[in-house]
Amino acid sequence: MNEDLRNIVLGVLATGISASLGWLTRTYAVRRRLRRQQAFFGLPRHSDCLLVVNREAGGDGSVHRHDVFALLELSALIKDCGAQARIVQHDQAQLGFGDRTEFCLGGPYSNRRTAAHLGSLLPGLSMNTELDPVEERGAIEVGGERYRMEPGAVEYVVLARVVTGEGGRPVFLFCGQRAITNQAAARYLARHHEKLARKHRGGSFVLLLKVVNSQAYGPDVVEPVADVTRAALRAPAAAVPATT
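Residues numbered from 1 in each chain as written. Predicted model: local features only at pLDDT ≥ 70, side-chain atom pairs only at ≥ 80, totals over all residues. Heavy atoms only, no water.

Asks: Which residues make up the pattern of salt bridges, and what values go with them?
Replies: In the structure shown here, the tally under the stated rule is 10 salt bridges. Arg-146 is paired through a salt bridge with Glu-141; the nearest N and O atoms lie 2.5 Å apart. Looking at Arg-146, the relative accessible area reads 31%, which means it is partly exposed. The class of Glu-141 is partly exposed, set by a relative accessible area of 34%. One continuous salt-bridge network, built from bridges that share partners, spans Glu-73, Arg-187, Arg-191 and Asp-220. (Salt bridge = Lys/Arg side-chain N within 4 Å of Asp/Glu carboxyl O. Buried < 20%, exposed > 50% of the residue type's maximum accessible area, 1.4 Å probe, protein only.)

Asks: Let's hear about the packing of aromatic side chains: which residues, and what values?
Replies: Throughout the structure, instances matching the rule amount to seven aromatic pairs. Seen in terms of ring centroids, Phe-41 and Phe-172 are 5.5 Å apart; in terms of plane orientation they differ by 40°. Their pairing is tilted. Here Phe-172 lies in strand 8 (residues 170-176) and Phe-41 lies in helix 1 (residues 3-41), a separation of 131 residues in the sequence. Neither residue differs from the other here; Phe-41 and Phe-172 are each classed as buried. The aromatic ring of Phe-40 is capped on one face by Arg-161, whose charged end is 4.9 Å from the ring centroid. (Phe/Tyr/Trp six-rings, centres within 6.5 Å; stacked < 30°, edge-to-face > 60°. Helix = DSSP H or I, 4+ residues; strand = E, 2+ residues; numbered from the N terminus. Lys NZ or Arg CZ within 6 Å of the ring centre and 35° of its normal.)

Asks: Just give me the short version of the pairing of strand 7 (residues 154-163), but keep the residues and values in it.
Replies: Burial analysis of strand 7 places eight of its 10 residues in the buried class, the great majority of the element. Note that strand 7 and strand 9 (residues 205-212) share eight bridges and pair antiparallel. Each residue of the ladder has a partner; that of Arg-161, found in strand 9, is Phe-205. Strand direction decides the pairing type here: strand 7 and strand 8, joined by seven bridges, are antiparallel. Bridged to Leu-159 within strand 8 is Phe-174. (Pairing = 2+ DSSP bridges.)

Asks: Report on helix 4 (residues 179-200), specifying residues and quantitative values.
Replies: Here helix 4 contains 22 residues, and its C-alpha end-to-end distance of 27 Å is more than 12% below the 32 Å for a straight helix at 1.5 Å per residue. Two residues or fewer past helix 4, Arg-201 is found with a positive phi of approximately 50°. (Expected span 1.5 Å × (residues − 1).)

Asks: Break down the confidence of the model for the chain for me, citing the residues and quoting the values.
Replies: Taken as a whole, the chain shows an average pLDDT of 86; of its residues, 82% reach a score of 70 or greater. For the chain, the element scoring lowest by mean pLDDT is helix 1, at 72; strand 9 scores highest, at 97. (pLDDT = per-residue confidence, 0-100.)

Asks: Please provide a residue-by-residue account of the side chain of Asn-111, values included.
Replies: Its place among the elements puts Asn-111 in the loop between strand 3 (101-105) and helix 3 (112-120). Given a relative accessible area of 0%, Asn-111 falls into the buried group.

Asks: Quick one: what's the story with unusual backbone geometry, residue by residue and with numbers?
Replies: Despite not being glycine, His-46 has its phi angle at roughly 70°, a positive value. Along the polypeptide, His-46 turns up in the loop between helix 1 and strand 1 (48-53). One non-glycine residue with positive phi stands out, namely Asn-213, at about 50°. Secondary-structure assignment places Asn-213 in the loop between strand 9 and helix 5 (214-217).

Asks: Talk me through the side chain of Ser-47; I want residue IDs and the actual numbers.
Replies: Among the structural elements, Ser-47 can be located in the loop between helix 1 and strand 1. Not counting residues up to four positions away in its chain, the partners in contact with Ser-47 are Ala-83, Gln-84 and Arg-169. (Contact = heavy atoms within 4.5 Å.)

Asks: A description of the packing of helix 2 (residues 65-80) against helix 4 should follow, citing residues and the corresponding values.
Replies: Two elements in contact, helix 2 and helix 4, have axes separated by 7 Å at closest approach and are oriented at 15°. Here helix 2 is positioned roughly parallel relative to helix 4, judged by the angle of their axes. The handedness of the crossing between helix 2 and helix 4 is left-handed. Listed contacts from helix 4 to His-66, Asp-67, Phe-69, Ala-70, Glu-73, Leu-74 and Leu-77 of helix 2 are Ala-179, Ile-180, Asn-182, Gln-183, Ala-186, Arg-187, Leu-189, Ala-190 and His-193. Across the contact of helix 2 with helix 4, the residue classes tally to nine nonpolar, four polar and three charged. (Axes fitted to C-alpha atoms, helices over the stretch in contact; angles between N-to-C directions. Parallel < 35°, antiparallel > 145°, perpendicular 65-115°, else oblique. Left-handed = near helix turned anticlockwise from the far one by under 90°. Nonpolar A, V, L, I, M, F, W, Y, C, P; charged D, E, K, R; others polar.)

Asks: I'd love a proper account of the sheet that holds strand 5 (residues 140-142), names of residues and values included.
Replies: If you trace the three strands from one edge of the open sheet to the other, you get 4-5-6, paired in antiparallel fashion. At either margin of the open sheet sits one strand with a lone partner, and together these are strand 4 (125-127) and strand 6 (145-147). Put simply, the sheet's adjacent strands are angled 15° from each other on average, direction ignored. Relative to strand 5, strand 4 runs antiparallel, the two sharing three bridges. Pairing of Met-127 across the sheet is with Ile-140, part of strand 5.

Structural data, given as structure tokens:
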């Protein structure tokens, strides 16, 4: 073998080895990223989860189109994990939590399951379900602060991941003042789940998000307002009766 041929053979071998190492590195990175995503959502391959849907406010059981869009956002995440979703109406989801991952969509006025979760999982957070007065409709109260909406201009949504129950699978809540805010929270989760997983290390979190000028920007402009995890998970102190 002359010198030129030997150099060619060595070059081909080096290229093949480099390509193989690059492929192995990329494959490992992709699989590692997938495992982290599956762990965050509690969705190992071939597992089942629940998508608990609400009803359109004042409707006949139909789902608001923005909530349908939110379901599509979540379905893509579930498919990426290699899991399967079962869609359940909010008034038919008579199940516990912890055995399977649950995505619960909508506020307590349109989703009984959300109302139950707020009472049992997030006792320190409440949402006004009364229609009057109008300015208080849908107001979110947590940590001594009250967040009122200005429809189409400033609206709020709670995005929560709560880990509880014997199975340890998380419950995700998308509790917004309007349907478009539910979609905004689902989209925020889809875009930032890796960052949220690193920050909260697989634990529970409750975030208050602000949807800015939805009448112009739709569900795309979302600003974090506060991490209200501590206040939301802690039951408010009982009022001390006045003495006479």
